[in-house]
Each structure stands twice: as structure tokens, then as C-alpha cells.
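Secondary and tertiary structure notes
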Amino acid sequence: MKKLLYLLLSMTLAFSLAACSGGTKPSSENGESQPPSEASVESEESSDSEMQDESAKPANGAGDTLIAYFSWSGNTEQMAQMIRTETGGDLFEIMPATPYTDDYDALLDVAQQEQRDNARPELAAQVENWDSYDVVFVGYPDWWSDAPMLIYSFLESYDWEGKTLVPFCTSGGSGFGRSLDKLPDSAPEATILEGLHVSGSSVEGAGEDVSDWINSLNLD
Ligand SMILES: Cc1cc2nc3c(=O)[nH]c(=O)nc-3n(C[C@H](O)[C@H](O)[C@H](O)COP(=O)(O)O)c2cc1C
């Protein structure tokens, strides 16, 4: 009976020693079979979010890019948002102090008259922290084969020295019209890069074009 007890005791001891002497790997080496510690979950989560941040990282660094746009019926605004997705820049809506009419036919006349007058409609607001931006995308719809006069009001309100201006435009088909030739007069010190025009009816599916265009600008 005593012998049997000794045998049982020595077997128990042998099992305990085996368990303590490296018979199991540290949890860091066999993570699959061990539940992760709270700390390791946290670090996995933070590295995941770092990766997401990395993939969403703006091409040319957040904080130095402004996307200023005017949009009457939403197409140019949509394009501005795509540019924001690509660059991580700040959006600024260019608006007239006196809003344009909602009536399309009436607007055609108003826009044409502004062009004839070479008007500079008053702006509703100014960009804060203008000095902090290096790259300024400027977007507008084509109105009568030109930019809305409001865009020239905007351009002429700021000092463009040291700034890069990137135009973009939506239209019914005419593209930038005369506006590209006129931009340097209103932003004489700006470095003007190649712009992108998208037809208003194609804005929805223009994400890849916008992305390719921005990559081609080498803004980094
Ligand atoms: C007053 C006015 C004038 C326009 N003139 C032209 C034009 O000359 N050529 C053209 O292709 N589209 C013209 N369009 C169409 C707009 O450029 C087009 O619908 C644009 O995508 C609208 O952009 P938005 O939605 O950002 O306002 C005109 C639209 C308006 C309201």
C-alpha cells in the first residue's frame, strides 16, 4: 500500500516538474494557442490603426493643402470631395456675399451679365490661415466658357507668392474654356499646375481619374 502511495506521489511530482521546465512555450511564441494579453490586443489595435492612417495618409501631407471650390449645382463640390479624399486637404467653399439665384434660366443671364461687366462679386468669407497652405486647388463650373467671375474675386483676394495653384473644373462639355488663360493674371505669383476637367455628368465615376491626376502632379 505504501509502495502504491509513493508511486502515485512520484508520478504527480514528475508531471509538475515537466510543466514548469519548459514543456510549454511562452505565450509570445505560441500566440495562436494562447489568448492574447490585454496589452498585446492594444498593441495590435494600435498598429492596425497606424496602418489605416498610413493608407489614408495624404499624398502631400495634411495641413498644407487647401481645396477651394465654388459649385452651384453640386458637381464641382463632388470633385472637391474626391480631391480631399486623395490629399487630406482642407475644404473651403467659395460663396458670394449675395447668393446666386436658384433659378437656372435666371442664373444664365446673371452669369452672362457678370462676364460682360468683368465683375468681381463680393465674397461671403475669406480663408482662415491662408499662409499655412502651400498648395491650393481651385475648382469651379464652366460658366459661359469661362470661370464664374466669383473665382476671379477669390484669386485676387490673396497673395499667391510661394503658392501652387491647381485648377479643376466641371462643365457640360466645354472644359475650362478661357479660364486657364486668365488664371495667371489673377494669381500672378502662383505656380500653376496642370488642371483636370471632368464632365458634370461623369463626376460620379471620376474617382480614378482624379487619383491618377493627383499622383501625376508629384505634390510630395
Ligand atoms: C450659368 C451657367 C453657364 C454654363 N455655361 C456652360 C458652358 O459654357 N459650357 C459648358 O460646357 N457647360 C456650361 N454650364 C454647365 C455647367 O458647367 C455644368 O453643369 C457644371 O458641371 C456645373 O457645376 P456645379 O454643379 O458645380 O455648379 C453652365 C451652367 C450654368 C449654370
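Residues numbered from 1 in each chain as written. Predicted model: local features only at pLDDT ≥ 70, side-chain atom pairs only at ≥ 80, totals over all residues. Heavy atoms only, no water.

1. Topic: the overall build of the protein
- Across its full length, the protein carries seven helices and six strands.
- Going from N to C terminus, the protein has its helices and strands arranged as α-α-β-α-β-α-β-α-β-α-β-β-α.
- The long-range fraction of contacts in the protein, counting pairs at least 24 apart against all pairs at least 6 apart in sequence, stands at 80%.
- Surface exposure of the protein reaches about 13,300 Å², of which carbon and sulfur atoms provide 50%. (Helix = DSSP H or I, 4+ residues; strand = E, 2+ residues; numbered from the N terminus. Contact = heavy atoms within 4.5 Å. Areas by Shrake-Rupley, 256 points an atom, 1.4 Å probe, with all protein chains shown as cover.)

2. Brief notes about the nonpolar core
- Counting residues in hydrophobic clusters, the biggest one holds 31 residues, and the most contacted among them are Ile94, Val138, Phe154, Leu155 and Trp160.
- Residue assignment for this core shows that the elements contributing at least two residues are strand S1 (65-69), helix H4 (104-116), strand S3 (135-141), helix H5 (149-155) and strand S4 (164-171).
- Here the element with the most residues in this core is H5; it accounts for six residues.
- Those residues in contact with Trp160, other than ones at most four positions away along the chain, are Trp130, Val136, Val138, Phe154, Leu155, Leu165, Ser186, Ala187, Glu189 and Ala190. (Core = buried A, V, L, I, M, F, W, Y, C linked by side-chain atoms within 4.5 Å. Buried < 20%, exposed > 50% of the residue type's maximum accessible area, 1.4 Å probe, protein only.)

3. Quick look at unusual backbone geometry
- The residue Asn118 is not glycine, and still its phi comes out positive at about 45°.
- Inspection of the secondary structure puts Asn118 in the loop between H4 and S3.
- Not every positive phi belongs to a glycine, and Asn218 is a case in point at roughly 50°.
- Tracing the sequence through the fold places Asn218 in the segment after helix H7 (207-216).

4. Re the pattern of salt bridges
- Tallying each qualifying case throughout the model produces two salt bridges.
- Among the ionic pairs, Asp146 bridges to Lys182, the shortest N-O distance being 2.6 Å. In this pair, Asp146 is assigned in the loop between S3 and H5 and Lys182 in helix H6 (residues 179-186), connecting sequence segments 36 residues apart. (Salt bridge = Lys/Arg side-chain N within 4 Å of Asp/Glu carboxyl O.)

5. Concerning the site of the ligand
- Around the ligand sit 21 residues, and of these Ser71, Ser73, Thr76, Asp142 and Ser174 come closest.
- One nitrogen or oxygen atom from the main chain of Gly74 is found 2.9 Å from an oxygen atom belonging to the ligand.
- With respect to the ligand, the backbone of Gly172 contributes an N or O atom lying 2.9 Å from an oxygen atom.
- Here the ligand loses 87% of its free accessible area of 640 Å² to cover by the protein chains.
- With four residues, H4 is the single largest residue contributor to the shell around the ligand. (Near = heavy atom within 4 Å. Polar contact = N/O pair within 3.5 Å; in protein donor to acceptor, adjacent residues only side chain to side chain.)

6. So, the pairing of S4
- Burial analysis of S4 places eight of its eight residues in the buried class, which makes it a mostly covered element.
- Sheet topology note: the S3/S4 ladder contains seven bridges and is parallel. Residue Gly139 lies in a different strand from S4, and its bridge partner there is Phe168. (Pairing = 2+ DSSP bridges.)

7. Here's the deal with the packing of aromatic side chains
- In this structure the tally under the stated criterion is eleven aromatic pairs.
- Between Tyr140 and Phe176, the ring centres sit 6.3 Å apart and the planes meet at 70°, which makes this aromatic pair edge-to-face. Here the residue Tyr140 occupies a position in strand S3, and Phe176 occupies one in the loop between S4 and H6, the gap between them amounting to 36 residues.
- For Phe176, a relative accessible area of 11% puts it in the buried group.
- Cluster of aromatic residues (ring-pair linked, three or more members): Phe92, Trp130, Phe154, Tyr158 and Trp160. (Phe/Tyr/Trp six-rings, centres within 6.5 Å; stacked < 30°, edge-to-face > 60°.)

8. Here we look at the packing of helix H3 (residues 75-87) against H7
- Look at H3 against H7: their axes get within 10 Å of each other, and the N-to-C directions meet at 50°. Considering their axes alone, H3 and H7 lie oblique with respect to each other. In the packing of H3 onto H7, the handedness of the crossing is right-handed. Within the contact between the two elements, H3 uses Met79, Met82, Ile83, Glu86 and Thr87 and H7 uses Gly207, Val210, Ser211, Trp213 and Ile214.
- Taken together, the residues that form the contact of H3 with H7 break down as six nonpolar, three polar and one charged. (Axes fitted to C-alpha atoms, helices over the stretch in contact; angles between N-to-C directions. Parallel < 35°, antiparallel > 145°, perpendicular 65-115°, else oblique. Left-handed = near helix turned anticlockwise from the far one by under 90°. Nonpolar A, V, L, I, M, F, W, Y, C, P; charged D, E, K, R; others polar.)

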